[in-house]
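Listed below, chain by chain, are the residues.
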4 protein chains.
Amino acid sequence: MEDKTSRAEFTVRTDLALEERERRPDDGEKISGVTLREWQGRNGRIRLTEVKILDGRGERAMGKPRGTYLTLEADQLAGKDEDYHREVSAELAGQLRERISDMLGTEQNNLMRVNILVVGLGNVQVTADALGPKTVGQLQVTRHLDGRYGNQFCCESVPRISALSPGVMAQTGMETAEILRGVIRETAPDLLIVIDALAARSIRRLGTTIQLTDTGIHPGSGVGNHRHSLTKESLGIPVLAIGVPTVVGAAAIVHDTVDALAEALCADTKLRKMGQYVRAMKEADRYELIRELLEPEFGSFYVTPPNIDELIGYLSFTISEGIHGAVFGSREI
Amino acid sequence: MEDKTSRAEFTVRTDLALEERERRPDDGEKISGVTLREWQGRNGRIRLTEVKILDGRGERAMGKPRGTYLTLEADQLAGKDEDYHREVSAELAGQLRERISDMLGTEQNNLMRVNILVVGLGNVQVTADALGPKTVGQLQVTRHLDGRYGNQFCCESVPRISALSPGVMAQTGMETAEILRGVIRETAPDLLIVIDALAARSIRRLGTTIQLTDTGIHPGSGVGNHRHSLTKESLGIPVLAIGVPTVVGAAAIVHDTVDALAEALCADTKLRKMGQYVRAMKEADRYELIRELLEPEFGSFYVTPPNIDELIGYLSFTISEGIHGAVFGSREI
Amino acid sequence: MEDKTSRAEFTVRTDLALEERERRPDDGEKISGVTLREWQGRNGRIRLTEVKILDGRGERAMGKPRGTYLTLEADQLAGKDEDYHREVSAELAGQLRERISDMLGTEQNNLMRVNILVVGLGNVQVTADALGPKTVGQLQVTRHLDGRYGNQFCCESVPRISALSPGVMAQTGMETAEILRGVIRETAPDLLIVIDALAARSIRRLGTTIQLTDTGIHPGSGVGNHRHSLTKESLGIPVLAIGVPTVVGAAAIVHDTVDALAEALCADTKLRKMGQYVRAMKEADRYELIRELLEPEFGSFYVTPPNIDELIGYLSFTISEGIHGAVFGSREI
Amino acid sequence: MEDKTSRAEFTVRTDLALEERERRPDDGEKISGVTLREWQGRNGRIRLTEVKILDGRGERAMGKPRGTYLTLEADQLAGKDEDYHREVSAELAGQLRERISDMLGTEQNNLMRVNILVVGLGNVQVTADALGPKTVGQLQVTRHLDGRYGNQFCCESVPRISALSPGVMAQTGMETAEILRGVIRETAPDLLIVIDALAARSIRRLGTTIQLTDTGIHPGSGVGNHRHSLTKESLGIPVLAIGVPTVVGAAAIVHDTVDALAEALCADTKLRKMGQYVRAMKEADRYELIRELLEPEFGSFYVTPPNIDELIGYLSFTISEGIHGAVFGSREI
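Residues numbered from 1 in each chain as written. Chains lettered and ligands numbered in written order. Predicted model: local features only at pLDDT ≥ 70, side-chain atom pairs only at ≥ 80, totals over all residues. Heavy atoms only, no water.

**Description of the overall build of chain A**
In step 1: Assigned secondary structure in chain A consists of 13 helices and nine strands.
In step 2: Looking at chain A alone, contacts between residues at least 24 apart form 71% of all its contacts between residues at least 6 apart.
In step 3: Counting only carbon and sulfur atoms, one obtains 47% of the accessible surface of chain A, whose full area is about 13600 Å². (Helix = DSSP H or I, 4+ residues; strand = E, 2+ residues; numbered from the N terminus. Contact = heavy atoms within 4.5 Å. Areas by Shrake-Rupley, 256 points an atom, 1.4 Å probe, with all protein chains shown as cover.)

Below is the structure:
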């Protein structure tokens, strides 16, 4: 009943546009069709990077669809410091507010009349994949209050927020897109926010990087590798995706080892030739090597941080507070 | 943000047609518009009762909509005996199969081409209300396999089963009926099975009684008292409801105490008059008494068995296995 | 394997000295051997009551051993307001610090050299009984750091805190006192703090009252009614108990109903005699009545708040933060 | 507050004697001081291997203390097949019974008078490390029944079983050995059984191999790498350890990649020299290479199977049933 491991799963995959940008050979130089902007958050403890893919050339170069990819790098996010988590939530709130306004064409200080559906992707029973459902579990919804405290409560004072954790296809027998299409048709939100656990290439990214994109979710992303397309095209409304890497594929580690070995050999004058050989190994040969190492079922093995259970707790709090800040402002409901 | 306690919540509520039938004054005699049939399961360890409400008179007498209410009473269901659980699953499977065939107008041995959506109602984070989501969490879905192993896998060899735990309105901001209407429109199931935790009047029923009805879910039922209508009328497809009582409202206990006190007084010749007085207390007076006892927020307090966490585990296993037996037969998938 | 319900379980039990004090007939007047002191917390949102049982007369009148019983009543503790939780934590920290200093004969600002074992009683798998283990699960321990960062880290800068959740006898096959005696002998703490879920008489107390006592834990207290003695006599070191009511026994509700009925009858001039009769029903007769109502297994049924799962989350946070404040002060570790 | 990563953590670690045996260069030949015996379980679906380390030479060769290391390899153990789980439980029961009898010098059919303490090591909040606590959570204890059903219940009809999940040092502030020494002194068991999640070298072992040893637990083993010595020497009673690998250290994957690369190069006649060079890289150089790859915090990263949450569920059931079979035989209690 499990997916057969496809060749694609042996390749080294990242869901982060930032990592994709970093591994381009011409790093430092410009890639046509792609812009890059970097700055610091207020207290200098959060680093923000915006990658914009502008056209088809950019799409081909980056292997990702055109759109805006904003990354918050927050090194201490995986740790226990509550004040830092709040700082990240505040920064996230500001960025989300900007993004939502852009996507809906409204003014930033006027999200009152907005109707947003927040969806937590992933499997709550698989720790590393539970980020979406856990975040949604802490979310304050408001849509159902409309009509209860006078008909205009929501549109007058707070936006209409609804939320759902649909589960994964192996649990539901349905594609997430089917479920969401149905729910969207019935409840008519203006915007979909999806929260998802991602795969990164680098261990260093785990639990420390939040990516916001206005491009939705594309096939093959996410922990578990089962996501199908959740985009404006497939769902009819704009889709803002919030993702945090919680796993690195085992294949990425193998790949990095080969690189480091090449590097090590090159550094030695006598062995430089061997190093150059290894470095020059074609992707196809590397693939064979990795395949040899990673027996069939191994392709889907992941590396997670030792405190993954705790980490998901911190992240789901930080993201849910970020969304609260974006849509409700500082007011308590 | 919580529901105000309404007068209705102070009244003594049961979701079991069987209990409703039992408390009719003319118990033993016939109620017009209602039929009653009782029998034993194969090993004599399960008691089955079928209450049929046939017409408007029956509806008024029972306070429930017309339809068939089948009850499996299985005294040891709350205990640890795995063999007994399997026996109940098997009985449940047979009854479900019969009910599904009736509702769909198919033959019992030919459920292959059926497309069923199973929905677990309730809040997974509230132990007594988690029966639905926990059962669905153990369910084997098949609908997504169609097309994977050749296009006709599902319709040829197993029915198409899909499943969803939509959460409760306080978590989603949406009515469950809205979510389900959308999902049903997209995925076009023939039948909806909903699983729900119920409120009973009698402690003795907790975790020992399974009720199957072809009438769907009606407003005000279920633990938490927030269910809205899930019926053929509201959703467009027939709805088979599986419910197990996991709570008794505190009001029921107060009510029973007053009854027992009246009984006790009547038994004493000197005090008989007082007993008769108490017994004759009008519902309105009783309501006042109960109201006095149950300060505002108390109306929603529940009595649960001490082993409620364990109990939900047993029940969700038994019901998911019952559904598997009904739709897949004995074959493993 | 389960305890038979004993006569004692049908009687109405409270673990709160405050409730015991309140139901004395001469409420308002003095009870000899018992002192009572009441005041408000800093912001007037917490009410504190200190009951001191001074001698044998007090013990007999109150049915509890001599010692100090401090109660914090915090009405909003069961709600979601984080600021209020912090306020209660701060008040609790101050009271704990005072109590610890008293019990150890040290000065309040000098707990540095203290070695404290914190124990969470109860069964983590039974929601209403999980308060102790959940609190301990959030506790910052330090004892093992000693020796790591230079030999004197603990005694110089922070107290030595260790913690354990031993589980209940049905899980371990051992009495908690056996486990703790062994651990205390090996690790030689100066003081034991035990955290426990309690039974109250009044629904209103659930999740809103914290009781601190210097008398330890006595047989028959706690949710599940299985606690054995954990006192200075049985363990060799002073025992500070922190308890919060999370359940009301079903028997208490029956009892209250009878009282309310008597009250209601007395209020009516024609029925006053009946009311007086009911009010005067001897404990033995009431016991028979309750027994009749509460079929064998029912004695151990509890009433819990509908949001018990959430409530345990709030309480365990508030208490663990209270302990952190008491032993570490405001400093972060 | 977290352990600094030591050099030892970068080396490739296995807790399985079987893997240690396999990687000896003279595999196939005899290692002096070590015996090896292999056979099949009853249905041929379980492979058993017994490694005995007999003396100092064996200890040095294997890097593990002398004693018996029995391994059950059960390829399908990580899957859902309940019948297979029961088959493994039965095989495990037989082996445990033999081992217990050996260690206590009793006859296999006469474990009635035995008093056994079962301890689940690890952190229940870290999925891959939760095997011990989860197994203990499903264990049927009996020691507390003694005295309840007549004084001789336990010694006459069933052994005395007690159980504890002490938690890890970061949660308790105490070494597990301290806690256990205390509990053993108070409750005087004849034998300690410890259950632990292990680290393997090979992905293939995860969740498919059960190791039984009579040597206890030694420093540096287990998931989390924090175990201290739990042996007859440190605790005073014999210690039977049951372990299942649930993680592979990231370092092992890097190591394997280098090996595979060397292999690949050697296979090519033109590149053979390079391959030989890589193969011959000294451990120290490999260590440098791995260190370079694995930035400081990375040493403690683990690879787990994607279904780790489910897997822990299967394994804890299989092991608890194995223990039940060993100590209670087929009789239900």
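**A word on the packing of aromatic side chains**
In step 1: Using the criterion set out here, one finds zero aromatic pairs over all chains in the structure.
In step 2: Over the aromatic face of W39(A) sits the side chain of R37(A), whose NZ or CZ is 4.2 Å from the ring centroid. (Phe/Tyr/Trp six-rings, centres within 6.5 Å; stacked < 30°, edge-to-face > 60°. Lys NZ or Arg CZ within 6 Å of the ring centre and 35° of its normal.)

**Here's the deal with the packing of helix α4 (residues 82–104) of chain A against helix α13 (residues 308–328) of chain A**
When two helices pack together, you describe them by how their axes are tilted relative to each other and by the distance separating the axes.
Residues and elements named next belong to chain A.
In step 1: Axis separation between α4 and α13 bottoms out at 7 Å; the angle between their running directions is 45°. Accordingly, the angle class assigned to the pair α4 and α13 is oblique. The handedness of the crossing between α4 and α13 is right-handed. Contact residues: H85, R86, V88, S89, L92, A93, L96, R97 and I100 in α4; Y314, F317, T318, I319, E321, G322, I323, G325, A326 and V327 in α13.
In step 2: Broken down by class, the residue content of the contact of α4 with α13 amounts to 11 nonpolar, five polar and three charged. (Axes fitted to C-alpha atoms, helices over the stretch in contact; angles between N-to-C directions. Parallel < 35°, antiparallel > 145°, perpendicular 65-115°, else oblique. Left-handed = near helix turned anticlockwise from the far one by under 90°. Nonpolar A, V, L, I, M, F, W, Y, C, P; charged D, E, K, R; others polar.)

**Focus on the pairing of strand β1 (residues 34–40) of chain D**
All names here are of chain D.
In step 1: For β1 and strand β2 (residues 47–53), the ladder comprises seven bridges, and the chain directions are antiparallel. From the neighbouring strand, E38 faces β2, where its bridge partner is T49.
In step 2: In this antiparallel pair of consecutive strands, β1 and β2, the connection spans six residues, and G44 shows a positive phi of 70°. (Pairing = 2+ DSSP bridges.)

**Some points on the relation of the copies chain A and chain C**
In step 1: Superposing chain A onto chain C takes a rotation of 180° combined with a translation of 0.1 Å along the rotation axis, leaving an RMSD of 0.1 Å. Such a combination of rotation and displacement between the chain copies is what one expects of a two-fold axis.
In step 2: By residue overlap, the copies meet face to face through one surface: 100% of the interface positions of chain A are interface positions in chain C. (Least-squares fit on C-alpha atoms with pLDDT ≥ 70 in both.)

**A closer look at the relation of the copies chain A and chain B**
In step 1: Placing chain A over chain B gives an RMSD of 0.0 Å and needs a rotation angle of 180°, together with 0.0 Å of translation along the axis.
In step 2: When the interface residues of chain A are mapped onto chain B, 100% of them are again interface residues, pointing to one common binding face.

**Things to note about the side chain of R99(D)**
Residues and elements named next belong to chain D.
In step 1: Mapped onto the fold, R99 is located in helix α4 (residues 82–104).
In step 2: No salt bridge is formed by the buried R99; its nearest oppositely charged neighbour, E98, is found at 4.1 Å.
In step 3: With residues up to four places along the chain from it excluded, the contact list for R99 reads E50, T68, L212 and L240. (Buried < 20%, exposed > 50% of the residue type's maximum accessible area, 1.4 Å probe, protein only. Lys, Arg positive; Asp, Glu negative; His and termini not counted. Salt bridge = Lys/Arg side-chain N within 4 Å of Asp/Glu carboxyl O.)

**What about the environment of I184(D)?**
Residue and element names in this part refer to chain D.
In step 1: Inspection of the secondary structure assignment puts I184 in helix α8 (residues 176–187).
In step 2: Sequence separation between I184 and G236 is 52 residues; the distance between their C-alpha atoms is 8.6 Å.
In step 3: Ignoring sequence-local partners within four residues, the contact set of I184 consists of L117, P189, L235 and I237.

**Remarks on the interface of chain A and chain C**
In step 1: Taken together, the contact between chain A and chain C spans four residues of the former and four residues of the latter.
In step 2: Between chain A and chain C, a total of about 270 Å² is buried, with carbon and sulfur atoms accounting for 12% of that surface.
In step 3: The three residues of chain A that bury the most area against chain C are K80(A), E82(A) and R86(A), which together make up 68% of that side's buried surface.
In step 4: Connecting chain A to chain C are two salt bridges.
In step 5: One salt bridge in this structure joins R86(A) and E82(C), with 3.3 Å as the shortest N-O distance.
In step 6: Viewed at the interface, chain C and chain A are joined by two residue pairs in polar contact (both at pLDDT 80 or more).
In step 7: Of the residues assigned to the side of chain A that touches chain C, the class counts are no nonpolar, one polar and three charged. (Buried area = accessible area lost by both parts, 1.4 Å probe. Polar contact = N/O pair within 3.5 Å; in protein donor to acceptor, adjacent residues only side chain to side chain.)

**Comments concerning the packing of helix α8 (residues 176–187) of chain C against α8(D)**
In step 1: Between α8(C) and α8(D), the shortest axis-to-axis distance is 7 Å and the interhelical angle comes to 125°. In terms of orientation, α8(C) lies oblique with respect to α8(D). Seen along the crossing, α8(C) lies across α8(D) with a hand that is right-handed. Here E178(C), I179(C), R181(C), G182(C), V183(C), R185(C), E186(C) and T187(C) of α8(C) come into contact with α8(D), specifically with E178(D), I179(D), R181(D), G182(D), V183(D), R185(D), E186(D) and T187(D).
In step 2: Of the residues that constitute the contact of α8(C) with α8(D), the class distribution is four nonpolar, four polar and eight charged.

**Some points on the interface of chain A and chain B**
Size of an interface: often given as the accessible area lost when the parts come together.
In step 1: Listed per partner, the contact involves 31 residues of chain A and 31 residues of chain B.
In step 2: For the pairing of chain A and chain B, the buried interface totals around 2800 Å² over both sides, and the portion due to carbon and sulfur atoms is 53%.
In step 3: Between E186(A) and R185(B) there is a salt bridge, and its shortest N-O distance comes to 2.9 Å.
In step 4: Joining chain A to chain B, the criterion identifies 12 residue pairs in polar contact (both at pLDDT 80 or more).
In step 5: Among the elements of the structure, β5 (160–164), α7 (169–172) and α8 (176–187) of chain A are those that each provide at least two residues to the side of chain A that touches chain B.
In step 6: Looking at which element gives the most residues to the side of chain A that touches chain B, the answer is α8(A), with eight residues.

**A word on the confidence of the model for chain A**
Should pLDDT be low for a region, the predicted coordinates there are not to be read in detail.
Residue and element names in this part refer to chain A.
In step 1: Here chain A averages 81 in pLDDT, and 78% of its residues register 70 or above.
In step 2: Within the model, pLDDT remains below 50 along residues 1–11, and this stretch shows 23 contacts once partners closer than five positions in the same chain are excluded.
In step 3: We note a pTM of 0.83 for the whole complex and an ipTM of 0.85 for its interfaces. (pLDDT = per-residue confidence, 0-100.)

**Describing the pairing of strand β2 (residues 47–53) of chain C**
Residue and element names in this part refer to chain C.
In step 1: Of all seven residues in β2, five are buried, a share of seventy percent or more.
In step 2: As paired elements, β2 and strand β3 (residues 67–73) share seven bridges and run antiparallel to each other. Along β3, the bridge assignment pairs V51 with Y69.

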